[in-house]
Amino acid sequence: MKPGGSIVDLSTQAAPRGLVCDVLVIGSGSGGATAARVLAEAGREVVVLEEGADRTGKDLTQRDGAMYDQLYMDRGGRVTEDLSISVLQGRVLGGGPVVNMADVVPIPDGVLRHWQKKHGLTDFSPEALAPFRARALEDLSANPIAPEQINRANGLLRQGAEKLGLRGEVMLHNRVGCRGLGTCMLGCPLGAKQNTRFVSIPKALDKGARFFLRARAVRIEAPREEVKRVTVAVLDPHGHHPTHTFELSARVVIVAANAIASAELLLRSGIGNGHVGRHLILQPQLAVTALFDEKVRAFDGIPQAYAVTEHERDDDPEHGLWGYRIEAVMGTPGNVASVLPLGGAAGKELMAVYDRIAAALVLVPDEPSGNVQLGPSAGHPIISYRQAENHKARLREGAKLAARIYFAAGARQVFVPTSPPVVLESEADLGRVDAISLAPATAPLLSAHQQGTVRFAPSPQLGGADPDGRVYGTKGIYVFDTSGFPSSASSHTMTPVLTIAHYLSAKLANQK
Amino acid sequence: MTAGGFGFLTRRRVLALGGVGASALLVGGGVRSLLSGAPPVSGLGVLAAREYRTLDALAKTLIPRGGPFEIGADRFDLARAFDGFLQGEPPANVEKLRRALLLFELGPLLFEKRWAAFSQLPDAERLKHYEAWANSDTLLRRQVAIAFRKFMALVFYDSPEVWPHIGYPGPSLARLSP
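If you're wondering where the values come from, they're calculated on a predicted model, not measured in any experiment.

Side note on the overall build of chain B
At step 1: Tallying secondary structure elements over chain B gives 8 helices and 0 strands in all.
At step 2: Sorting the 178 residues of chain B into buried and exposed places 56% on the buried side.
At step 3: Sequence separation of 24 or more characterises 66% of the internal contacts of chain B that already satisfy a separation of 6 or more.

Here's the deal with the confidence of the model for chain B
At step 1: Mean pLDDT over chain B: 87, with 84% of residues reaching 70 or higher.
At step 2: The ipTM assigned to the predicted complex is 0.94, against a pTM of 0.95.

Brief notes about the pairing of strand β9 (residues 210-213) of chain A
Moving residue by residue along a regular strand, the side chains alternate between the two faces of the sheet.
All names here are of chain A.
At step 1: Summarising the sheet, strand β1 (residues 6-9) and β9 pair through 4 bridges and their orientation is parallel. Each bridged residue has a counterpart across the sheet, and for Asp9 the counterpart in β9 is Leu213.
At step 2: The pairing of strand β3 (residues 46-50) with β9 spans 4 bridges and is parallel. Within β9, the position partnered with Val47 by the bridge is Arg210.

So, the packing of aromatic side chains
At step 1: Summed over all chains, the structure comprises 21 aromatic pairs over all chains.
At step 2: Relative to Tyr168(B), the ring of Phe299(A) has its centre 5.2 Å away and its plane inclined at 90°; by these criteria the two rings are edge-to-face. With Phe299(A) in the loop between β13 (285-291) and β14 (306-308) and Tyr168(B) in the segment after α8 (139-157), this pair bridges two chains. Of the two residues, Phe299(A) and Tyr168(B), both sit in the buried class.
At step 3: Between Phe156(B) and Tyr157(B), the aromatic rings sit 4.8 Å apart at their centres with planes inclined by 85°, giving edge-to-face as the arrangement. Per residue, the accessibility class of Phe156(B) equals that of Tyr157(B), and both read buried.
At step 4: Members of the aromatic cluster, connected to one another through ring pairs, are Trp115(A), Phe124(A), Phe132(A), Phe456(A), Phe485(A) and Tyr503(A).

Some remarks on the interface of chain B and chain A
Many structure descriptions define interface size as the accessible area lost when the parts assemble.
At step 1: Contact residues are listed per partner, giving 53 residues for chain B and 54 residues for chain A.
At step 2: Seen at the junction of chain B and chain A, the total is 3 salt bridges.
At step 3: Among the salt bridges present, the one from Asp300(A) reaches Arg175(B), with a minimum N-O distance of 3.3 Å.
At step 4: At the junction of chain B with chain A, the criterion picks out 21 residue pairs in polar contact (both at pLDDT 80 or more).

Regarding the packing of helix α3 (residues 49-62) of chain B against helix α5 (residues 91-105) of chain B
For any two helices packed against each other, one specifies the crossing angle of their axes together with the interaxial distance.
Residues and elements named next belong to chain B.
At step 1: As a packed pair, α3 and α5 sit with axes 10 Å apart at the nearest point and diverge in direction by 65°. Looking at the two axes, α3 sits roughly perpendicular to α5. In this structure, the crossing between α3 and α5 has a hand that is left-handed. Listed contacts from α5 to Arg50, Glu51, Arg53, Thr54, Leu55 and Leu58 of α3 are Arg98, Leu101, Leu102, Phe104 and Glu105.
At step 2: Taken together, the residues of the contact of α3 with α5 sort by class into 5 nonpolar, 1 polar and 5 charged.

Definitions and cut-offs
- Residues numbered from 1 in each chain as written.
- Chains lettered and ligands numbered in written order.
- Predicted model: local features only at pLDDT ≥ 70, side-chain atom pairs only at ≥ 80, totals over all residues.
- Heavy atoms only, no water.
- Helix = DSSP H or I, 4+ residues; strand = E, 2+ residues; numbered from the N terminus.
- Buried < 20%, exposed > 50% of the residue type's maximum accessible area, 1.4 Å probe, protein only.
- Contact = heavy atoms within 4.5 Å.
- pLDDT = per-residue confidence, 0-100.
- Pairing = 2+ DSSP bridges.
- Phe/Tyr/Trp six-rings, centres within 6.5 Å; stacked < 30°, edge-to-face > 60°.
- Salt bridge = Lys/Arg side-chain N within 4 Å of Asp/Glu carboxyl O.
- Polar contact = N/O pair within 3.5 Å; in protein donor to acceptor, adjacent residues only side chain to side chain.
- Axes fitted to C-alpha atoms, helices over the stretch in contact; angles between N-to-C directions.
- Parallel < 35°, antiparallel > 145°, perpendicular 65-115°, else oblique.
- Left-handed = near helix turned anticlockwise from the far one by under 90°.
- Nonpolar A, V, L, I, M, F, W, Y, C, P; charged D, E, K, R; others polar.

This is the structure:
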């Protein structure tokens, strides 16, 4: 191991030849960066591959077009095969936490007990994971969102919920020094998010880890050998097209590229058992918007601070996390306009009141309902997902409750942006929500928390990786990300991934 | 950008949707006359002039001039922006998108049995045609409608000239007091 690591953009600098390292980590998000840091601190020679570039400070322009292009997989256009659900996945040094809403929601104890009981992950007890959860929270500088940081849009959601006597909470977050720029989904130019980019990656660099950017792992070979060979495609400086490939070798490979890309890489490599790529969880979310007479200016301040948790539970015997929650949200103009279903003058009328709109997402924890398959080229998988009827029912129920909350807060109108749109003028119109079919490509559903495609299980008959994260049928190939979760770990996966990555990395570091 | 993800437009499904008509158009045939006559457009990287014409007509339909605020898609060259977007897409996606454009352009013929292409429809009929696709019972038509609308909307409302009309003061970093 050499002191002092490096960040090397392979689109502009030469790739290393004949490199052999102890640990190759694929993906630099919560799972990958944490693994890189822990294993580098344990003395391993670590190399990390990241498809994205390093974008911080004024690189983060707060503009929709350029930022979706640079910060997200498939340039922000990743979507299920039937175009029903937009699948948001970060692609930048630091991964998803660079572009997430900075919500800190640890794995509830009920979920861990569910994993123990239903999925046989007996090691994953709340007690065993408590120190690793504490490390995750420390990494994130987790702190409650202060009352003065709650913007008007979140305040309206809270006001309406409290009027109706609903349970809710101001969430923990990982911002320090936040100035309320409001464009968290496009990265924070002020670096207020205490995420992997500013915590684990610098620590890994201090211990000699090397980060290669614009580097897409396309195939792992010799999965049962002592030394694995990995083919890497180098992308152009925009990250759009591969330009050439090279090969490097590692004794241990940790795949931490999110439930979609991790599964795709294993499938492309022909690695793992029949569970790999299956059991996909997307946690679909449906937007509900409300029009107020006042200027809400939801685009200013923290977009997501308050959650209505009245109908969310973490101890469902069959599913663990279940029910639904409603969270405030807001996006930049291009983002918002892209989910509104109307064209012509009617579409312009909707956007003309952009500064008077508050919006919420109904988030539904789902059972595994999809799979990842290989697409026509590496890095562009096919994501199939079928909405279960119980998902649809909970999305409708949540949309109705969101509408009631907004009316209680004084909304003039509530709008569910489906095709065709559903417009509610008062609670008397709530029945219209029941008519929303949620058939494919009729609602702007999104997924920000993909999980479960290489799920941890005590035997290869039940899952794709063992409880230590080792992919079944391999020697020294691991998954340390959301792909291992057998059910929804939490309503927001950053903290769960950090927790599990700390836990599994510590185990791996203790192996000879 | 959000217009990506066109894995749904497989050749098999396009053929199945349009039946004999679609098969004919994909292999050439009498419908060529409907597609001809597009004025040349310089500087395109991917799109043909005919495809540019379809996208340009669609952009102006989705975001017309007038209404609650004057500025519309005609202020920007959204079809050219789409051409730029395509240059960064994998070849398989580009092929599928071009197929989708062709299908949409010939929509009046295929689904309304009118001897007309979308870009030849009168302005007032174009929006109705688009909405018929967006609210169609046929998944593929909805998918095509959504995909192009998302791109147009994102690019248009990401434009600083539009922001004053929607009450958006622009990126907040520039507005931050020291």
